[in-house]
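# A look at the structure
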Amino acid sequence: MLRPGTPQGARGELTGSVKAITVETKRAGTARLEDVPEPGPHEGSVLVEAVAVGVCGTDVEIAEGKYGWAPPGRERLVLGHESLGRVLDPGPAGGLKKGDLVAGIVRRPDPVPCPNCAVGEWDMCRNGLYTERGIKELDGFMSERWRIEPEYAMKIDPSLGVLGVLLEPTTVVTKAWEQVAAVGQRAFWEPRTVLVTGAGPIGLLAALVASQHGLEVHVLDRVESGPKPELVRALGATYHSGSVARIGFEPDVIVECTGVGQVIADSIQGVGAGGIVCLTGVGSGGRTVALPTADVASAMVLRNNVVVGSVNANKRHWYRASEALARADRTWLARLLTRREPPEAFARALERRPDDIKVAIQFTEA
Ligand SMILES: [Zn+2]
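Reference entry: report on the structure contained in this document. Here the structure is a predicted model, which is why all the values come from computation and not from measurement. (Residues numbered from 1 in each chain as written. Predicted model: local features only at pLDDT ≥ 70, side-chain atom pairs only at ≥ 80, totals over all residues. Heavy atoms only, no water.)

## Observations regarding the pairing of strand β12 (residues 193–197)
- Counting buried positions along β12 gives five out of five residues, so the element sits mostly inside the fold.
- Burial along β12 is two-sided: the face carrying Thr 193, Leu 195 and Thr 197 and the face carrying Val 194 and Val 196 are both buried.
- Judged from the five bridges that link them, β12 and strand β13 (residues 216–221) form a sheet pairing that is parallel. From the neighbouring strand, Thr 197 faces β13, where its bridge partner is Leu 220.
- You can see the chain leave β12, run along helix α4 (residues 201–212) and come back into β13, and the turn it takes is right-handed.
- Bridging between β12 and strand β15 (residues 253–256) involves four bridges; their strand directions are parallel. Bridged to Val 194 within β15 is Val 253. (Buried < 20%, exposed > 50% of the residue type's maximum accessible area, 1.4 Å probe, protein only. Helix = DSSP H or I, 4+ residues; strand = E, 2+ residues; numbered from the N terminus. Pairing = 2+ DSSP bridges. Right-handed = clockwise from strand over helix to strand, strands pointing away.)

## Digging into the nonpolar core
- One finds Leu 333 and Leu 336 to be the most contacted residues of the largest nonpolar core, which totals 90 residues.
- Apart from residues lying up to four places away in sequence, Leu 336 is in contact with Leu 166, Leu 204, Leu 205, Leu 231, Ile 357 and Lys 358.
- Ranked by size, the runner-up nonpolar core spans eight residues in total, among them Val 244, Ile 254, Val 263 and Val 277. (Core = buried A, V, L, I, M, F, W, Y, C linked by side-chain atoms within 4.5 Å. Contact = heavy atoms within 4.5 Å.)

## Regarding the coordination of the zinc ion
- Taken together, the protein ligands of the zinc ion are Asp 110 (OD), Cys 114 (SG), Cys 117 (SG) and Cys 125 (SG), with distances of 1.9 to 2.3 Å.
- Taken in sequence order, the residues that donate to the zinc ion follow the motif D-x3-C-x2-C-x7-C. (Donors = N, O, S within 2.8 Å, 3.2 Å for Na, K, Ca; no water.)

## Things to note about empty space enclosed by the protein
- Applying the stated rule across the entire model yields one cavity of 30 Å³ or more.
- Estimated volume of the largest cavity: approximately 30 Å³.
- Lining of the largest cavity is provided by Ile 105, Val 106, Arg 107, Trp 122, Glu 168, Thr 171, Asn 312, Ala 313 and Trp 318.
- Classifying every residue of the lining of the largest cavity by side-chain character gives five nonpolar, two polar and two charged. (1 Å grid on protein atoms, 1.4 Å probe; cavity = no way out; pocket = protein on both sides within 12 Å on 5 of 7 lines; lining within 4 Å. Points joined across faces, edges and corners; volume = space filled by probe spheres on them. Nonpolar A, V, L, I, M, F, W, Y, C, P; charged D, E, K, R; others polar.)

## As for the pairing of strand β10 (residues 145–148)
- Here β10 shows a buried face lined by Arg 145 and Arg 147 and a second buried face lined by Trp 146 and Ile 148.
- Bridging between strand β3 (residues 46–55) and β10 involves four bridges; their strand directions are antiparallel. Looking at β10, one finds that Leu 47 is bridged to Arg 147.

## Observations concerning the pattern of salt bridges
- This model, assessed by the stated rule, comprises 24 salt bridges.
- Measuring nitrogen to oxygen at the nearest pair gives 2.8 Å for the salt bridge that ties Arg 107 to Glu 132. Taken together, the positions of Arg 107 in strand β7 (residues 107–108) and Glu 132 in strand β8 (residues 131–133) put the pair 25 residues apart, joining distant regions of the chain.
- Note on Arg 107: relative accessible area 5%, which makes it buried.
- A salt bridge links Arg 108 to Glu 149, with the nearest nitrogen and oxygen atoms 3.0 Å apart. (Salt bridge = Lys/Arg side-chain N within 4 Å of Asp/Glu carboxyl O.)

## Examining unusual backbone geometry
- The linkage connecting Val 112 with the following residue, Pro 113, adopts the cis geometry, with an omega of -20°.
- Mapped onto the elements of the fold, Pro 113 is located in the loop between β7 and α2 (115–118).
- For Asn 312, which is not glycine, the phi torsion reads 60° and is therefore positive.

## As for the sheet that holds strand β4 (residues 76–78)
- If you walk across this open sheet you meet the three strands as β2-β1-β4, and the pairing is antiparallel. Taken across any chain shown, the strands that pair with only one partner, and hence form the sheet edges, are β2 (32–37) and β4. Strand-to-strand twist of the sheet, defined as the mean angle between neighbouring strand axes without regard to direction, takes the value 55°.
- Bridge analysis of strand β1 (residues 17–24) against β4 gives three bridges, and the strand direction is antiparallel. Looking at β4, one finds that Thr 22 is bridged to Val 78. (Axes fitted to C-alpha atoms, helices over the stretch in contact; angles between N-to-C directions.)

## What about the layout of surface pockets?
- Computed from the structure, the second largest pocket encloses a volume of approximately 290 Å³.
- Of all the elements in the fold, those that place two or more residues in the lining of the second largest pocket are β1, β2, β4 and β10.
- Residue classes in the lining of the second largest pocket are distributed as six nonpolar, five polar and 10 charged.

## Regarding the environment of Cys 257
- Examined against the element boundaries, Cys 257 turns out to sit in the loop between β15 and α6 (261–270).
- Note on Cys 257: relative accessible area 18%, which makes it buried.
- Residues Cys 257 and Ala 199, 58 residues apart in the sequence, show an inter-C-alpha distance of 7.9 Å.
- The contact partners of Cys 257, leaving out residues within four places of it in the chain, are Val 196, Thr 197, Gly 198, Ile 202, Gly 203, Thr 280 and Gly 281.

Set out below in structure tokens:
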């Protein structure tokens, strides 16, 4: 059924549907590219044409049926939370204009709301009733066109072009960095060195943000070849492969981006006195690590150390992330985006290949 004001399709004809990548949540192997109804104004007054959507481990988990919630009353969810799009119709609210590049904020506050959501810190939601585009009860951005509320659309520096697709993962890092800085303020704090564990997209963006803050940056990963060591060195940082115990110094800050039990245990034991370990990676199970809980307490108590977990991001972190990306070297950022696939090849985009850093599904040119 056509609604008044339905936009024109790629070939100029009026269309009541858009192509989107959807999954039946909690069932593996159900991802497909299909026609879904044109997104309606209830999803937001800003109409956006998709440019690219980044793929991350969460998308892979949702496609494997391990995570994700469809909107209430439906079985399928439009996938995708690392968005980049071009404004087709800014709607009545000011601030955006046709042609602007934007990314959509992912999380929405819970409806209660909890105290943190009430003050706009939905990243710190206390009751877990928040919703998330492409993950939890709200359709995502892997759709030819999507809509968003103007206050949740973040404008992207136009000179970033397709690299704006890196904004969402950068927000994870700017939130984590704010947590580290907040913990640091409990005492006199003059950090000099930071170790980032894991040189995936989050780890490399964490290294970028740490270097922008003027710290001596070290990055540790398992691999000894491929693009990661050179990307680290191009930031003026030091690359290590092997274990945290063998890097040869005690970092003031460790940003843990692997979620691997052994690396987490090594980080807790390896951080310097008065140090901060910020956990951003999420894993589960795996090999049991021989680090008795009382030894964790000893490592922390006797050296005043803090382990802090950090997830998601609020608007303040999205703003800081957009500033960080705008300041970053474009050539370096471009090397993070190692593979782009068209929407029809979404299955290939969900595969993980050895030299992949960030893979994106590209809908149109930036
Ligand atoms: Zn909340």
